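# Geometric and topological summary
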Amino acid sequence: MTTDILVVDDDPMLVKLLDYRLRHRGYTVLAAEDGETGLALARERVPSLIVLDAMLPGIGGFEVLRTLRESPETAPIPVVMLTARDQEQDVLTGLKLGAEEYIVKPFIPEELLL
């Protein structure tokens, strides 16, 4: 049985890296390059985990997280913020909105996998 992980990030190289690493661990990777597409995929596929960037075109990652948490269908999905936004207020905002983890770029890929 495969587990879907949704990666919402507008950096195609990062998405490719995560896709490679996660697929080799047995996960199915879904990708979205903006917040709107990420929300649509989350509602449609209800992945086991979402890896979410804060800085996205259109709807930003914090707003995506807020919207996910407000919907009964998507509220239970764990979200890991993976972003270059490293200010204390950014980290606190992500965690207060319901992210399970907040990882700052650049990051160690193995840290995310753990």
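Residues numbered from 1 in each chain as written. Predicted model: local features only at pLDDT ≥ 70, side-chain atom pairs only at ≥ 80, totals over all residues. Heavy atoms only, no water.

Computed from the structure, the largest pocket encloses a volume of approximately 230 Å³. Lining of the largest pocket is provided by 13 residues; of these, Leu-49, Val-80, Leu-112, Leu-113 and Leu-114 occupy positions nearest its centre. Taken together, the elements giving at least two residues each to the lining of the largest pocket come down to β3 (49–52), β5 (101–104) and α5 (109–113). In terms of residue count, the dominant contributor to the lining of the largest pocket is α5 (three residues). Across the lining of the largest pocket, the residue classes tally to ten nonpolar, no polar and three charged. (1 Å grid on protein atoms, 1.4 Å probe; cavity = no way out; pocket = protein on both sides within 12 Å on 5 of 7 lines; lining within 4 Å. Points joined across faces, edges and corners; volume = space filled by probe spheres on them. Helix = DSSP H or I, 4+ residues; strand = E, 2+ residues; numbered from the N terminus. Nonpolar A, V, L, I, M, F, W, Y, C, P; charged D, E, K, R; others polar.)

As a further point, take the packing of helix α2 (residues 35–45) against helix α3 (residues 61–70). Taken N-terminus to C-terminus, the directions of α2 and α3 make an angle of 25°; their axes are 10 Å apart at the nearest point. The orientation of α2 relative to α3 falls into the category roughly parallel. The two elements α2 and α3 meet at a crossing, and its hand is right-handed. Across the interface between the two elements, Gly-35, Leu-39, Ala-42 and Arg-43 from α2 touch Val-64, Thr-67 and Leu-68 from α3. The residue makeup of the contact of α2 with α3, split by class, is four nonpolar, two polar and one charged. (Axes fitted to C-alpha atoms, helices over the stretch in contact; angles between N-to-C directions. Parallel < 35°, antiparallel > 145°, perpendicular 65-115°, else oblique. Left-handed = near helix turned anticlockwise from the far one by under 90°. Contact = heavy atoms within 4.5 Å.)

Let us now look at unusual backbone geometry. The omega angle of the peptide bond from Lys-105 to Pro-106 is -5°, so this bond is cis rather than trans. Relative to the elements of secondary structure, Pro-106 occurs in the loop between β5 and α5. One non-glycine residue, Val-46, lies in the positive phi region at around 45°. With respect to the secondary-structure elements, Val-46 resides in the loop between α2 and β3.

Right, let's talk about the pairing of β5 for a bit. Where strand β4 (residues 79–83) and β5 come together, four bridges link them in parallel fashion. Following the sheet pairing, Met-81 is matched in β5 by Tyr-102. (Pairing = 2+ DSSP bridges.)

The subject of this paragraph is the nonpolar core. If you look at the biggest cluster of nonpolar residues, it comprises 21 residues, and the most contacted ones within it are Leu-6, Ile-50, Leu-52 and Met-81. Those elements giving two or more residues to this core turn out to be β1 (3–8), β2 (27–32), α2, β3, α3 and β4. In terms of residues, this core owes the most to one element, α3, which gives four residues. Beyond its immediate stretch of four places on either side in the chain, Leu-52 contacts Val-8, Gly-61, Val-64, Leu-65, Val-79, Val-80, Met-81 and Leu-82. Membership of the second largest hydrophobic core comes to 13 residues, among which are Leu-14, Val-51, Ile-103 and Leu-112. (Core = buried A, V, L, I, M, F, W, Y, C linked by side-chain atoms within 4.5 Å. Buried < 20%, exposed > 50% of the residue type's maximum accessible area, 1.4 Å probe, protein only.)

All right, on to the pattern of salt bridges then. Tallying each qualifying case throughout the model produces eight salt bridges. The salt bridge partner of Asp-4 is Arg-45, with a shortest N-O separation of 3.2 Å. Here the residue Asp-4 occupies a position in strand β1, and Arg-45 occupies one in helix α2, the gap between them amounting to 41 residues. On the basis of relative accessibility, which here comes to 37%, the residue Arg-45 falls in the partly exposed class. Between Asp-53 and Lys-105 there is a salt bridge; the shortest N-O distance is 3.5 Å. Of the two residues, Asp-53 sits in the loop between β3 and α3 while Lys-105 sits in the loop between β5 and α5, which places them 52 residues apart along the sequence. (Salt bridge = Lys/Arg side-chain N within 4 Å of Asp/Glu carboxyl O.)

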